[in-house]
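Residues per chain, in single letters:
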Amino acid sequence: MKEAFQLELAFHSYHQSAIRGLDIAVQKPLFVSSGDDHTVRLWNYETNSIEQMKVFPEPIYAISIHPTGHQLVAAFASKVCLMNILIDGFSTIKEFPIHAAHQIQYR
């Protein structure tokens, strides 16, 4: 008789703790989420899949994605970061010394 083994996922596509931010791009089928698990996740709602995920050293308090889906703004305890959304990840273009912002939004 063979012993049963358990398959354990090495990567979970869902957040592991509270979600603090959620925003949708109006020109692409994308939305972004952030949470207390220190992650930013980019989702595609047409394919029902996660496109990208990045872990940061601190929790993200708020997040907003540009309507075109090419940039996002993330608010941390110590700063607010403007990032480009690239094919292989997020790239910070500018950091602003704004502390503990809990709401941000593109207009």
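Refer to the structure above for everything that follows.
Residues numbered from 1 in each chain as written. Predicted model: local features only at pLDDT ≥ 70, side-chain atom pairs only at ≥ 80, totals over all residues. Heavy atoms only, no water.

## Examining the sheet that holds strand 3 (residues 39-44)
Step number 1: The sheet built from four strands is open, its strands ordered 1-2-3-4 with antiparallel pairing. On the outer flanks of this sheet lie strand 1 (19-24) and strand 4 (49-55), each paired with one strand and no other. Across this sheet, the average inter-strand angle for adjacent strands is 15 degrees, counted without regard to direction.
Step number 2: The sheet contact formed by strand 3 and strand 4 spans six bridges and is antiparallel. For V40, the partnering residue across the bridge sits in strand 4 and is K54. (Pairing = 2+ DSSP bridges. Helix = DSSP H or I, 4+ residues; strand = E, 2+ residues; numbered from the N terminus. Axes fitted to C-alpha atoms, helices over the stretch in contact; angles between N-to-C directions.)

## Some words on the nonpolar core
Step number 1: V40, L72 and M83 are the most contacted members of the largest nonpolar core, which totals 16 residues.
Step number 2: Of all the secondary-structure elements, those providing two or more residues to this core are strand 2 (30-35), strand 3, strand 5 (60-65), strand 6 (71-76) and strand 7 (80-86).
Step number 3: Filtering out sequence-adjacent residues up to four positions away, M83 remains in contact with F56, H70, Q71, L72, A74, F76, F90, S91, T92 and I93.
Step number 4: If you look at the next biggest cluster of nonpolar residues, it comprises seven residues, including A62, A75, L82 and Y106. (Core = buried A, V, L, I, M, F, W, Y, C linked by side-chain atoms within 4.5 Å. Buried < 20%, exposed > 50% of the residue type's maximum accessible area, 1.4 Å probe, protein only. Contact = heavy atoms within 4.5 Å.)

## So, the environment of G69
Step number 1: You can see G69 is positioned in the loop between strand 5 and strand 6.
Step number 2: What makes G69 buried here is its relative accessible area of 4%.
Step number 3: Note: C-alpha distance between G69 and I85 (16 residues apart in sequence) is 7.5 Å.
Step number 4: Aside from chain neighbours lying at most four places away, what touches G69 is A25, K28, L30 and I85.

## Some thoughts on the sheet that holds strand 5
Step number 1: Read from one edge to the other, the open sheet built from four strands follows the order 5-6-7-8, with strand pairing classed as antiparallel. The sheet terminates laterally at strand 5 and strand 8 (89-96), the two strands that pair on one side only. Across the sheet, the axes of successive neighbouring strands diverge by a mean angle of 25 degrees, strand direction being ignored.
Step number 2: Bridge count between strand 6 and strand 7: five bridges; the pairing is antiparallel. By the bridge assignment, Q71 is partnered in strand 7 with N84.

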